[in-house]
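Working through the structure, step by step
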Amino acid sequence: MPENEAGDALENLLHENRKFPPSEDFAANAIATAALYQEAAADRLGFWAKQSRELLSWGQDFEQTLDWSEAPFAKWFVGGKINAAYNALDRHVEAGNGDRVAIYWEGEPGDTREYTYAQLTEAVKKAANAFEALGVAKGDRVAIYLPMIPEAVISMLACARIGAIHSVVFGGFSADALRNRIDDAEAKLVITADGTYRRGAPSPLKPAVDAALEAPGHTVQHVVVVKRNGEPVAWAEGRDRWWTETVDAASAEHEAVLHDSEHPLFILYTSGTTGKPKGILHTTGGYLTQTAYSHKNVFDLRPESDVYWCAADIGWVTGHSYIAYSPLVNGASIVMYEGTPDTPHQGRWWEIIEKYKVTILYAAPTAIRTFMKWGREIPAKYDLSSLKLLGSVGEPINPEAWMWYREIIGGGKTPIVDTWWQTETGGMMISPLPGVTATKPGSAQVALPGIEVDVVDDLGQPVANGQGGYLVVKSPWPSMLRGIWGDPERYKETYWSRFDNMYFAGDGAKKDEDGDIWLLGRVDDVMNVSGHRLSTTEIESALVSHPSVAEAAVVGASDETTGQAVVAFVILRGSAAEDPDVEQTLRNHVGKEIGPIAKPKRILVVPELPKTRSGKIMRRLLKDIAEGREAGDATTLADAGIMQLISESLKK
Ligand code: 6R9
């Protein structure tokens, strides 16, 4: 864990003095004001009850806000009845907003589709009827293995409508990974597509479903296939159905029945440190409340005028909470993009922002660092003046990347909200409020009103300002996971056994002198060098702050003398690769930024870094390389060829 031992080493980098208060104009008109903090502090449960009733349409009001009597298994908004799809769709049509655009969809090859709220409601009703006709009933599990096409959102909402539990499996996952998830959840139906487009070429999906279902013993009765790229597919008669023939042909009349507030909404698998992936379970009322609340207040959302783009994949929790659910529950117009950021050119994102006049962009630091590497002249070619707010999620954002995001993309004026949360937390937990908080580059800063977090030491005692420790959540929150599918013991063990009555997030964090929170990466990403605890994030930030470095990943490799040694993998910018002294220069730079103890023992120059679907660097694989082993299981990588590329580049 990152702690005070590394003393001044930790200080330097995290002692960011820059502060960016909201502009007077933004602060004066902001949706979320400082009063929210006071209101939540005065009566936390009352605050959530009020938020829930304001943001959602309950078919039957709840009687109790929180039942924590069977902790750590929470029940929120007990006795309430609600339908998630009705909240995301029908009610906006009923309120006269049926003509508002719900989804602006942009395919990778440049084809487009648009759905108004009325059209999306109709599409979801048809899908709900079709799924029911295929035998799917309330409580059944449906696996969704789709690319970033509107049918992904339609399928999720159709499941929610009928009370089926969706399990979205990222389209980049292998047949094996898909089969494991199908088996664990005992899915009855699979929704997939013939394929998608990636980097300008058709990329198949259906063959992975066929391979996953080849061995007998599974629970799948039907596979519904969306035609996306028109590539030929194998067909299992009786099992497989085209979307056009089942869904498009179904009736557009479908009544949204009410489900219990605690009815399961979805399962989403996330990798644990060890063992098989965990099926994180989320339910309805609390999840919708907190995601809608955070989406509105953190993004300063005006549904009637904003165009909101969350550039995550739907197979990641960010895609669930901030593409499929909260923006639609809030009645916003969203942009959804199918492809990669560099197809057909490196200005693709900025072209999309210019085209749709996107006002709010929510993206991951890894994407921002990639854009930095490509150069500021690319976004400079586009009109990005529509942007009013930028969000970041997925990993700590290095101060350099934060500044670049604000200056180059936000024109030096947009607030940046660095939002910390997890698959398990369901919605945002720590984030500035854009009209209130004076933001600090690299820090997520403060818990949202209604959320109680702290940084504690080994014994669970809160650390003083200026000190580091473990991030914990001190009281239950509406969108918290309700457990791990089929494994209640693992839920208790993983999250609730480390400290008494506190949720252990698995992240290291530090409080600065103002008490603001800086996330330091996963606890398992913390290195111990000669008894000094060093955070991978900090050394990475130090490396990225050097003009020669585009991206960096740091691991602790076992070392006979020092216990662990710092090994850095770096992607260099432009001509830096030709500099024979670059490694020494970077070592010294880290020494200067953090302290000599943090100087990497080895710096390896690589062309790419191994990343998961959600853009997280898989340090485990880099550690294998650093420790001279064959790289381990790489099936969850977004791009499977990367490890080969890295090994080859290191042989040279
Ligand atoms: C939403 C999401 C969760 C882990 C989390 C932490 C890291 C996410 C972050 C952040 C620093 C942020 N993380 N947001 N670290 N600052 N703003 O990413 O969910 O895929 O479950 O990952 O991601 O380490 O514990 P998930």
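Residues numbered from 1 in each chain as written. Predicted model: local features only at pLDDT ≥ 70, side-chain atom pairs only at ≥ 80, totals over all residues. Heavy atoms only, no water.

What follows covers the confidence of the model for the protein chain. Detail in the predicted coordinates should be disregarded across regions flagged by low pLDDT. Put simply, the protein chain has an average pLDDT of 92, and 95% of its residues get 70 or more. Segment residues 1-12 is flagged for pLDDT under 50; beyond a separation of four residues in sequence, or across chains, it makes 38 contacts in the model. Confidence estimates for the predicted assembly give a pTM of 0.87 and an ipTM of 0.99. (pLDDT = per-residue confidence, 0-100. Contact = heavy atoms within 4.5 Å.)

The immediate surroundings of the ligand are formed by 17 residues, with D418, T419, T423, D507 and R522 found nearest. Measuring from a nitrogen atom of the ligand, one finds a backbone N or O atom of G394 at 3.1 Å. Residue T423 places a side-chain N or O atom 2.5 Å away from an oxygen atom belonging to the ligand. Considered on its own, the ligand offers 530 Å² of accessible surface; in the complex 94% of this is hidden by protein. The set of elements that each furnish at least two residues to the shell around the ligand consists of helix 12 (317-329) and strand 25 (517-522). Broken down by class, the residue content of the shell around the ligand amounts to seven nonpolar, five polar and five charged. (Near = heavy atom within 4 Å. Polar contact = N/O pair within 3.5 Å; in protein donor to acceptor, adjacent residues only side chain to side chain. Areas by Shrake-Rupley, 256 points an atom, 1.4 Å probe, with all protein chains shown as cover. Helix = DSSP H or I, 4+ residues; strand = E, 2+ residues; numbered from the N terminus. Nonpolar A, V, L, I, M, F, W, Y, C, P; charged D, E, K, R; others polar.)

What follows covers helix 6 (residues 117-133). The first and last C-alpha atoms of helix 6 sit 24 Å apart over 17 residues, in line with the 24 Å expected at 1.5 Å per residue. All of the buried residues along helix 6 are Y117, L120, T121, A123, V124, K125, K126, A127, A128, N129, A130 and F131. Two residues or fewer past helix 6, G135 is found with a positive phi of approximately 95 degrees. (Expected span 1.5 Å × (residues − 1). Buried < 20%, exposed > 50% of the residue type's maximum accessible area, 1.4 Å probe, protein only.)

For soluble globular proteins, nonpolar side chains are generally found buried alongside one another. Core analysis: the biggest nonpolar cluster contains 137 residues, and F131, F299, Y325 and L471 have the highest contact counts within it. The biggest single contributor to this core is helix 7 (residues 150-162), with nine residues. Counting residues in each nonpolar core, the second largest holds 34 residues, with V101, W374, Y382 and I397 among its members. (Core = buried A, V, L, I, M, F, W, Y, C linked by side-chain atoms within 4.5 Å.)

One pass over the structure, following the stated rule, counts 35 aromatic pairs. The interplanar angle of 70 degrees and the centroid separation of 5.2 Å between the aromatic rings of W58 and F62 together place this pair among those described as edge-to-face. Each ring, one from Y470 and one from F499, has its centre 5.8 Å from the other, and the planes form 55 degrees; the classification is tilted. Within this pair, whereas Y470 is found in strand 22 (residues 468-473), its partner F499 is found in the loop between helix 16 (488-496) and strand 24 (503-511), the two being separated by 29 residues in sequence. Each member of the pair, Y470 together with F499, is buried. Site record: aromatic cluster; members linked through ring pairs are W68, F73, W477, Y491, Y495, W496 and Y503. Above the plane of the ring of W105 lies R113, whose end atom (NZ or CZ) is 5.2 Å from the centre. In this structure, R498 is placed above the aromatic ring of Y470, and the distance from its NZ or CZ to the ring centre is 5.0 Å. (Phe/Tyr/Trp six-rings, centres within 6.5 Å; stacked < 30°, edge-to-face > 60°. Lys NZ or Arg CZ within 6 Å of the ring centre and 35° of its normal.)

Glancing now at the environment of K474. Its location among the elements puts K474 in the loop between strand 22 and strand 23 (483-484). Residue classification places K474 among the partly exposed residues on the basis of a relative accessible area of 41%. Apart from the residues lying within four places of it in its own chain, the contact partners of K474 are E452, V453, D454, N501 and M502.

Once that is clear, we can look at the environment of D457. Within the secondary structure layout, D457 lies in the loop between strand 21 (453-456) and strand 22. Judged by its relative accessible area of 24%, D457 is partly exposed. Along the sequence, D457 and Y470 sit 13 residues apart, while their C-alpha atoms lie 6.3 Å from each other. One polar contact links the side chain of D457 to the main-chain amide nitrogen of L459, over a distance of 2.9 Å.

If you trace the seven strands from one edge of the open sheet to the other, you get 5-4-17-16-18-19-20, paired in mixed fashion. Looking along the sheet, the strands with just one partner apiece sit at the ends: strand 5 (112-116) and strand 20 (416-418). On average, each strand axis in the sheet is inclined to that of its neighbour by 15 degrees, with strand direction left out of account. Pairing analysis gives three bridges linking strand 16 (residues 307-310) to strand 17 (residues 333-337), with the strands arranged parallel. The residue of strand 17 that forms the bridge with Y308 is I334. (Pairing = 2+ DSSP bridges. Axes fitted to C-alpha atoms, helices over the stretch in contact; angles between N-to-C directions.)

Turning our attention to the pairing of strand 25. Along strand 25, five of the six residues are buried, which leaves the element largely enclosed by surrounding structure. As defined by bridge partners, strand 24 adjoins strand 25 across four bridges and the pair is classed as antiparallel. If you follow K510 over to strand 25, its bridge partner there is W518. Between the antiparallel neighbours strand 24 and strand 25 lie five residues, among them G515 with a positive phi of about 85 degrees.

The next thing to look at is the packing of helix 5 (residues 84-97) against helix 7. Axis separation between helix 5 and helix 7 bottoms out at 7 Å; the angle between their running directions is 120 degrees. One finds that helix 5 runs oblique with respect to helix 7. In this structure, helix 5 meets helix 7 at a crossing whose hand is left-handed. Facing A84, A85, Y86, A88, L89 and D90 of helix 5, the residues of helix 7 in contact are L157, A160 and R161. Of the residues assigned to the contact of helix 5 with helix 7, the class counts are seven nonpolar, no polar and two charged. (Parallel < 35°, antiparallel > 145°, perpendicular 65-115°, else oblique. Left-handed = near helix turned anticlockwise from the far one by under 90°.)

Here we come to helix 11 (residues 285-298). Spanning 14 residues, helix 11 covers 20 Å between terminal C-alpha atoms, matching the ideal 20 Å at 1.5 Å per step. Of all 14 residues in helix 11, 13 are buried, a share of seventy percent or more. The first or second residue beyond helix 11 is D300, which carries a positive phi of 50 degrees.

Of note, D90 is situated in helix 5. Not counting the four nearest positions on each side in its chain, D90 is found in contact with A85, T121, K125 and R161.

In this section: unusual backbone geometry. Residues A71 and P72 are joined by a peptide bond in cis, for which omega reads 5 degrees. Cis peptide bonds are those with omega within 30 degrees of zero, and the linkage from T343 to P344 qualifies with 0 degrees. Tracing the backbone shows P344 in the loop between strand 17 and helix 13 (348-356). The backbone phi angle of N501 is positive, close to 55 degrees, even though this residue is not glycine. One can find N501 in the loop between helix 16 and strand 24.

The next point concerns the UniProt feature "binding site: CoA" (unreviewed entry) in the protein chain. When the UniProt feature table is mapped onto this chain numbering, "binding site: CoA" (unreviewed entry) sits at R198, R199, G200, A201, T318 and S530. Here T318 lies in helix 12. On the basis of relative accessible area, T318 is assigned to the buried category, the value being 1%. Beyond its immediate sequence surroundings of up to four residues, T318 is in contact with C310, A312, I323, Y362, V393 and W421. (UniProt positions renumbered as here; feature names shortened; annotations may be inferred.)

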